[in-house]
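Summary of the model geometry
Read off the chains here:
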Amino acid sequence: MCKLLTLVFIPLIFLSSSRMEDDRHKTTPVTGAEQVARYLPYLKGKRVGLLANNTSIIGNKSIADSLKALGVDIRMIFGPEHGFRGNASNGAHVGDEIDKATGIPVISLYGNKRKPSAEEMKAIDIMIFDIQDVGCRFYTYINKLADIMEACAESGKELLILDRPNPNGYVDGPVLDMQLKSGIGKFPIPITHGMTIGEFARMINGEGWLPGKQQCRIKIIPVLHYAHNMDYTLPVAPSPNLNTQQSILLYPSLCLFEGTIISQGRGTHMPFTVLGSPALKGVYKFSFTPVSIPGMSETPLHQDQTCYGLDLRQYDMTALRHSGRINIKWMMELYKAYPAKNKFFDRSQSKQMGDIDKLSGSTRFKQQIIAGKSEAEIRKSWEPQLSAYKTMRKKYLLYP
């Protein structure tokens, strides 16, 4: 196993003793980005690169706006999927531009360009990573973290990670079969990995997951007053189709339906809180109709067709989250209810359908649903890999 780099905590400065006393009595998590006094002096005199999006905020302002106002020399901003300001829809092309608010060049790292070029890395002294993740293997910001770590390792530059809470802080699901490695699953981890971005960076280094087992020099500003079992409401929607706290918490369970003919509500203003299909008319009373919504879903599955199925907008997410399990009963139920079983997972019907094997991380999951296996039988097949991952994960945790 590769040696884990030492985590460096930058001393807290510029805070009065009364302010520090107040902090000790707070119970609301304080993100790394909000602890400006911890890292602002460290950036002094450095040329800074920034990987950020619309979730990268200090208070109610973009971190780029805030740091520039404080005199930080931000040379360039790198934007992931959905763009730096977060207004691009799922999978949409995002090009390079000059940010109108700051005048700083914004370089897209979504599409053909995976990581900053060697020339771009030469133009900076340090890279900052500040993006809100939602704790799922198929939510691709952890992939972008690895890309940035790779670029920093290759150029010998340091990565400053401003950590944020994980709203889905539990661990569950099949560990990815690496024969199914893809853009929606690059690491041998379960569906919900139970780590913050800072912790995941430590795992990438510690497990030698960068090409050639390279090591990235990292500094982490950890979240104050945070534990993995805390309920945390995101202050900003992390992407256009995760626009409510309900959708964020349902996402680990409902994103699996992207590998089926069942709509997850893309093309409505309630994505990832409903499930349905036109073929389920007469089986379920609840209905919704996906339409083209610019900036969210231009060509959703079952566009302009009435879908019938499940309304999960009022589902008790506290109970689901604290169970520490994704819900696979909905997949079992809707497959059983669907009249044309041979079409449920058939990707040839729609370009909007994903690969259920790559989404689940297992070649067995689809066959288990088709065979009518029980939840207990399906979960048993996730072992011993899931338990082994939980043990490995403990080495990298920063929070209780």
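Shown above is the structure to which this text applies.
I will try to describe carefully the structure that is included in this document. (Residues numbered from 1 in each chain as written. Predicted model: local features only at pLDDT ≥ 70, side-chain atom pairs only at ≥ 80, totals over all residues. Heavy atoms only, no water.)

1. Quick look at the overall build of the chain
Per the secondary structure count, the chain includes 13 helices and 14 strands. Taking 2.2 N^0.38 as the reference for a compact globule, 400 residues should give roughly 21 Å; the C-alpha atoms of the chain span a radius of gyration of 21 Å, in line with that estimate. Projecting the C-alpha coordinates of the chain onto the three principal axes gives extents of approximately 65 × 45 × 45 Å. Within the span of the chain, comprising 400 residues, buried residues form 57% of the whole. For the chain, contacts bridging at least 24 residues in sequence account for 74% of all contacts bridging at least 6. Total accessible area on the chain stands at roughly 16,700 Å², and carbon and sulfur atoms take up 52% of it. (Helix = DSSP H or I, 4+ residues; strand = E, 2+ residues; numbered from the N terminus. Rg over C-alpha atoms; globule rule 2.2 N^0.38 Å. Buried < 20%, exposed > 50% of the residue type's maximum accessible area, 1.4 Å probe, protein only. Contact = heavy atoms within 4.5 Å. Areas by Shrake-Rupley, 256 points an atom, 1.4 Å probe, with all protein chains shown as cover.)

2. Quick notes on the packing of helix α5 (residues 141-155) against helix α6 (residues 197-206)
Taken N-terminus to C-terminus, the directions of α5 and α6 make an angle of 55°; their axes are 10 Å apart at the nearest point. Put simply, α5 runs oblique to α6. Here α5 runs over α6; the crossing is right-handed. Residue-level inspection shows Ile-142, Leu-145, Ala-146 and Met-149 of α5 in contact with α6, the latter providing Ile-197, Phe-200, Ala-201, Ile-204 and Asn-205. (Axes fitted to C-alpha atoms, helices over the stretch in contact; angles between N-to-C directions. Parallel < 35°, antiparallel > 145°, perpendicular 65-115°, else oblique. Left-handed = near helix turned anticlockwise from the far one by under 90°.)

3. Some points on the pairing of strand β4 (residues 73-79)
With five of seven residues buried, β4 lies mostly within the body of the structure. Examined bridge by bridge, strand β1 (residues 47-52) and β4 share five bridges and lie parallel to one another. Across the sheet, the residue bridging to Val-48 is Ile-74, located in β4. As judged from the three bridges shared by β4 and strand β6 (residues 105-108), these two strands associate in the parallel manner. Looking at β6, one finds that Gly-79 is bridged to Ser-108. (Pairing = 2+ DSSP bridges.)

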